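Now for the letters of each chain:
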Amino acid sequence: MSILVLAEHNNIDIKSSTLNTISAASQIEQEIDVLVTGFQCEELAKKIAKCEKVSKVIFVDNEKLKNPIAENIEPIVLSVAEKYSHIMAPATTFGKNIFPRIAVKLDLAQISDVIKIISNDTFMRPIYAGNAIATVKSNDKTKIITIRPTSFDPVETSGGSDIVESLEFETQNNSVEFIDREESHSERPELSTARVVISGGRGLQSAENFKLLNEIADKLNAAVGASRAAVDAGYVSNDYQVGQTGKVVVPDLYIAVGISGAIQHLAGMKESKVIVAINKDEEAPIFNVADYGLNADLFEALPQLSSELDKLNTIQQ
Amino acid sequence: MKLLVTVKRVIDYNVQIRVKPDGSGVEKDNVKMSMNPPDENAVEEALRIKESGKADEIIVLSIGGDKAQETIRTALAMGADRGIHIKTDNELEPLAISKIISKIAEEEKPSIILMGKQAIDDDSNQTGQMTSALLNWPQATFASKIEIEDKSATVTREIDEGLERIKVNIPFVASCDLRLNEPRYASLPNIMKAKKKPIDIKDANSLGIDISSRIEQLKVEEPPVRQKGIMVNDVSELVQKLKHEAKVI
């Protein structure tokens, strides 16, 4: 049997979450088909077929698929589902939105947010916002799975089969209509997939001061995040929030500035490889999870950090 | 217009979770339980829709053991009109839960089903989408704004890239994000009044639905504990450590 991966993309570029999901699938089975549903995205389908581990791309192109409406994508997946032992998508808002529909229509359970593959029917997934890890075994004949992208290294974007198979599909749903999308544009990497994240908390004291983080972020090619306290205080918008009720991030380096370390924030970042905490309160719980703690006033530490990074770059050049 | 709101009783979000030493699950005895936080947003949104004159009845549904009725009472004290308790002592999976909700929806014929986008215990994020698919009603997941019009609603959704707006026909299923609204507290007189509101109790096994479990939980364990690292004296030392020891910059 083979595995089907549903691709997340924006009609032009593949999202890295898809590459992570293909990588997870390859731990179970080597025959991996990728389903690409979109509009005017043949070039993209070809690009995906070139990715490592991809046996074949199944490509459905029509105007109603320009935006990923769950009700439109669900019947396409269902139409090819019976050929596969596992059907996978990234556990992003894209995959989360669509996959439970596929599971229920096939009368199957879904296993959400898999962080580790033990065997072809046994998986590990976080529960209670990562405060416990469950090992679960699915007894269903087809496994419907969403994959936490940050738990799997992405596959390379070359080395694939280069085979694209076109599939005609008429989309009939009229009960949902896409209106618009307001993407938070940023020159910086996306928060959920960035290699370095620098986040600020209430300690920053104002929206204006948050800009101190931008300067450092630019030097490290980092994404900027925030604690819930900073979001609630109105310093930055919701989409910056890292934590149980925001985004879960697993970067190589996480720098927490003026963040005390509430349970809800820790749930969103404590899997990061290296954690740095800068806080003037030496009792702040964030120091308990930090690899490197600096007990200092952030308004002194951030400019120093900025100039130290400059020095580093000068030496490298 | 009738609204159906589903609520789940979960370990309170402020409680530090403890895994049982035998790996069979997490400790629930003598632990504070509350309504699942985004379910509170669902109840609040239903109340606001009713207060705006667009709905006339709010039904609260909970599935679980006897104590699920406490959670229903909380929603009734916030202002919902009546409750339905589907009784079961088993931990049902989202697949079974969505079948039960669909069955109740077919009987009650609400115009909108509101639920939390995710329960903070099993973190599945499935029930809303599954219910929508079973009923063949449109879904509006991760909703942070719901504007009801005549025969449709415009819903703003929280997605990874930012915000998305969709228009869905009524009836539909909404899964609510924490940013949808600020849930109210029940006042004492309303808590007293809620005691007299009716709750219809049915046994889950009497519904004629397959609610068997499909997933076996083999083990629950603590996540790997993070070792506390070191304190550095100044920024210069920090940068040196990141460069030469951790090798991340």
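Quantities reported herein were computed from a predicted structural model and do not represent experimental measurements.

Visitor: Kindly report on the sheet that holds strand β16 (residues 292–295) of chain A, identifying the contributing residues and their values.
Guide: Ordered by their spatial adjacency, 6 strands build an open sheet running β13(A)-β12(A)-β14(A)-β15(A)-β16(A)-β13(B), and the pairing between neighbours is parallel. Every interior strand has two partners, whereas the edge strands, β13 (223–226) of chain A together with β13 (230–232) of chain B, have only one. In this sheet, adjacent strand axes meet at a mean angle of 20° when their direction is disregarded. Bridging between strand β15 (residues 274–279) of chain A and β16(A) involves 4 bridges; their strand directions are parallel. What sits directly across from I278(A), in β16(A), is L294(A). Strands β12 (196–200), β13 and β14 (253–257) of chain A of the sheet are contacted by helix α5 (residues 207–220) of chain A, whose axis makes an angle of about 170° with β12(A). Where helix α6 (residues 235–245) of chain B meets the sheet, its contacts fall on β14, β15 and β16 of chain A together with β13 of chain B, and the angle it forms with β16(A) comes to roughly 170°.

Visitor: An account of helix α4 (residues 127–135) of chain B is needed here, citing residue identities and associated values.
Guide: Residues and elements named next belong to chain B. For α4, a buried count of 8 out of 9 residues is recorded, marking the element as mostly surrounded by other parts of the structure. For α4, the full list of buried residues reads T127, G128, Q129, M130, T131, S132, A133 and L135. Two residues or fewer after α4 comes N136, characterised by a positive phi angle close to 60°.

Visitor: Describe helix α2 (residues 42–49) of chain A, and please don't skip the residues or the numbers.
Guide: Residue and element names in this part refer to chain A. Those residues of α2 that fall on the buried side of the exposure criterion are L44, A45, I48 and A49. Projected down its long axis, α2 shows its buried positions confined to an angular sector of 140°, all on one face. Close packing links the buried residues of α2 with β2 (32–38), β3 (56–61) and β10 (164–166).

Visitor: Can you tell me about the packing of aromatic side chains, naming the residues and giving the values?
Guide: Residue and element names in this part refer to chain A. Scanning the entire structure with this criterion turns up 1 aromatic pair over all chains. Consider the rings of F210 and Y235, whose centres lie 6.4 Å apart with planes at 55°: the pair is tilted. Of this pair, F210 sits in helix α5 while Y235 sits in the loop between α6 (228–232) and β14, and the two are 25 residues apart along the sequence. What makes Y235 buried here is its relative accessible area of 16%.

Visitor: Tell me what's going on with unusual backbone geometry, and back it up with residues and numbers.
Guide: Cis rather than trans, the peptide bond between I170(B) and P171(B) has omega equal to 5°. Structurally, the position occupied by P171(B) is in the loop between β9 (162–169) and β10 (172–176). One non-glycine residue with positive phi stands out, namely N11(A), at about 75°. A residue is classified by how much of its surface remains accessible, and N11(A), at 14% relative accessible area, is buried. For N30(B), which is not a glycine, the phi torsion comes out positive at approximately 55°. Take N30(B): it is sitting in the loop between β2 (9–11) and β3 (33–35). You can call N30(B) exposed: its relative accessible area is 85%.

What counts, and where the lines are drawn
- Residues numbered from 1 in each chain as written.
- Chains lettered and ligands numbered in written order.
- Predicted model: local features only at pLDDT ≥ 70, side-chain atom pairs only at ≥ 80, totals over all residues.
- Heavy atoms only, no water.
- Pairing = 2+ DSSP bridges.
- Helix = DSSP H or I, 4+ residues; strand = E, 2+ residues; numbered from the N terminus.
- Axes fitted to C-alpha atoms, helices over the stretch in contact; angles between N-to-C directions.
- Contact = heavy atoms within 4.5 Å.
- Buried < 20%, exposed > 50% of the residue type's maximum accessible area, 1.4 Å probe, protein only.
- Arc of directions from axis to C-beta.
- Phe/Tyr/Trp six-rings, centres within 6.5 Å; stacked < 30°, edge-to-face > 60°.

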